[in-house]
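# Chain and residue survey
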Amino acid sequence: MTTPWTPCPHAGTLHFDAERLRVQWSRLHRGDAEPLPADAALLEAWVWFHNGEFQRAADAGLRLGGDGLTLANKARCIHASYVEPSEPLRLERLQAAAACAQAQQASDPHNPNAWYWQAYAIGRYSQGISVAKALARGLGSQVQRALERTMALSPEHADAHLALANFHAEVIHKVGELIGGMTYGARKDAGLALYQSAMALNPDSAITLAEFANGLLMLEGDKALDQATALLQRAADFEPLDAMEHLYVDSARMALQG
């Protein structure tokens, strides 16, 4: 029997159904550019995701296969990043998502989100084990390649722009601009440009605002504090529509309090 995941705090408070999700799909998926499913069973499984039933959504996605793997990987990654309190379980779930996404690439190499969720999962896993250890193991280059592939397949994939900006920012923050550029290809100007492109593609997003704020602090330090705080405040004031957005807003509010 599968061990139950830690419940999302917003599960049970949202009431998406298939029809409401169809209406809101483009707004909810502006960041990841995932197309509206034509298959009714897959759309219903996405309903569970947006209502915060992440384990149920992931299990359904795995059973459905195909495009359902994108749902499974997104559910694993979001739950691991924003809900799961156990570090070993977080890392295990992220590793499973990365492996599943890599397998999806083999069967569907032109699916942008097969590449994106591999990059996201490895990136979050890297943060869990420390960016320095991840860079030493070559995980940073895997993230970079997967995100560049995502953007080549889907140029308006806002979340890929954001994640690649985070790659540049985190590497520079960890090892400095000189070593980051010479060893890992990380550049401050590239990171800032990618944050700006993510903002242009998906400005009304709590995650875009919060990640941009965090990235500014990594790249610019205290001189960006006022701008970063203003961005975080906008994220904290955001009116969330689904469980994932609620989690992003919660995170922004916690960052402001800290």
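In what follows, the accompanying structure is described. (Residues numbered from 1 in each chain as written. Predicted model: local features only at pLDDT ≥ 70, side-chain atom pairs only at ≥ 80, totals over all residues. Heavy atoms only, no water.)

### Some remarks on the overall build of the chain
Check the secondary structure of the chain and you find 14 helices and zero strands. For the chain, the sequential pattern of α-helices and β-strands runs α-α-α-α-α-α-α-α-α-α-α-α-α-α. The globule rule puts the C-alpha radius of gyration for 258 residues at 18 Å, and the 17 Å found for the chain is close to it. Considered along the principal axes of its C-alpha atoms, the chain spans approximately 50 × 40 × 35 Å. Scored against the burial criterion, the 258 residues of the chain give a buried share of 54%. Relative to all contacts within the chain whose residues are 6 or more apart in sequence, the contacts with residues 24 or more apart total 62%. When the accessible surface of the chain is summed, it comes to about 11,700 Å², and 54% of that surface belongs to carbon and sulfur atoms. (Helix = DSSP H or I, 4+ residues; strand = E, 2+ residues; numbered from the N terminus. Rg over C-alpha atoms; globule rule 2.2 N^0.38 Å. Buried < 20%, exposed > 50% of the residue type's maximum accessible area, 1.4 Å probe, protein only. Contact = heavy atoms within 4.5 Å. Areas by Shrake-Rupley, 256 points an atom, 1.4 Å probe, with all protein chains shown as cover.)

### Overview of the packing of helix α13 (residues 225–236) against helix α14 (residues 243–257)
For the pair α13 and α14, the least separation of the axes is 8 Å and the interaxial angle reads 140°. Taken as axis vectors, α13 and α14 run oblique relative to one another. For the element pair α13 and α14, the recorded crossing hand is left-handed. Two secondary-structure elements touch here, α13 through Thr-229, Leu-232, Gln-233, Ala-235 and Ala-236 and α14 through Val-249, Ala-252, Arg-253, Ala-255 and Leu-256. When its residues are assigned to classes, the contact of α13 with α14 shows seven nonpolar, two polar and one charged. (Axes fitted to C-alpha atoms, helices over the stretch in contact; angles between N-to-C directions. Parallel < 35°, antiparallel > 145°, perpendicular 65-115°, else oblique. Left-handed = near helix turned anticlockwise from the far one by under 90°. Nonpolar A, V, L, I, M, F, W, Y, C, P; charged D, E, K, R; others polar.)

### Considerations on helix α8 (residues 139–153)
In this model, α8 (15 residues) spans 21 Å end to end at C-alpha, consistent with the 21 Å of a helix rising 1.5 Å per residue. Turning to α8, its buried residues are Leu-139, Gly-140, Val-143, Gln-144, Ala-146, Leu-147, Thr-150 and Met-151. Those residues of α8 that are buried lie in contact with α6 (112–129), α7 (131–136), α9 (158–175), α10 (177–184) and α11 (188–201). (Expected span 1.5 Å × (residues − 1).)

### Here's the deal with the packing of aromatic side chains
Counting across every chain of the model gives eight aromatic pairs. Between the aromatic rings of Trp-46 and Phe-49, the centroid separation amounts to 5.5 Å while the plane-to-plane angle is 75°, which identifies the pairing as edge-to-face. You can see Trp-46 and its partner Phe-49 sitting in helix α2 (residues 40–50), three residues apart, about one turn around the helix. When the ring of Tyr-116 is compared with that of Trp-117, the centres are 4.8 Å apart and the planes differ by 75°; the resulting orientation is edge-to-face. (Phe/Tyr/Trp six-rings, centres within 6.5 Å; stacked < 30°, edge-to-face > 60°.)

### Looking at α6
Taking 1.5 Å per residue, 18 residues should reach 26 Å; α6 reaches 26 Å between its end C-alpha atoms and fits that length. Between a side-chain oxygen at the N-terminus of α6 and the backbone nitrogen of Asn-113 the separation is 3.0 Å; the capping residue is Asn-111. Backbone geometry just downstream of α6 places Ser-130 in the positive-phi region, at approximately 100°. (Polar contact = N/O pair within 3.5 Å; in protein donor to acceptor, adjacent residues only side chain to side chain.)

### Brief notes about the nonpolar core
Counting 84 residues, the largest nonpolar core has Leu-21, Phe-49, Phe-54, Ile-78 and Leu-147 as the members making the most contacts within it. Residues within four places of Ile-78 in sequence aside, it is in contact with Phe-49, Phe-54, Val-83, Trp-117, Tyr-120, Met-244, Leu-247 and Tyr-248. (Core = buried A, V, L, I, M, F, W, Y, C linked by side-chain atoms within 4.5 Å.)

### Notes on the side chain of Ser-154
In this fold, Ser-154 is placed in the loop between α8 and α9. Residues contacting Ser-154, with those up to four places away along its chain left out, are Ala-33 and Pro-112.

### What to know about the environment of Ile-129
Structurally, Ile-129 can be placed in helix α6. Assessed through its relative accessible area of 17%, Ile-129 is described here as buried. Put simply, Ile-129 and Ala-146 are 17 residues apart on the chain and 20 Å apart in space, counted from C-alpha to C-alpha.

Note that every value here comes from positions in space, so none of it alone points to a role or purpose.
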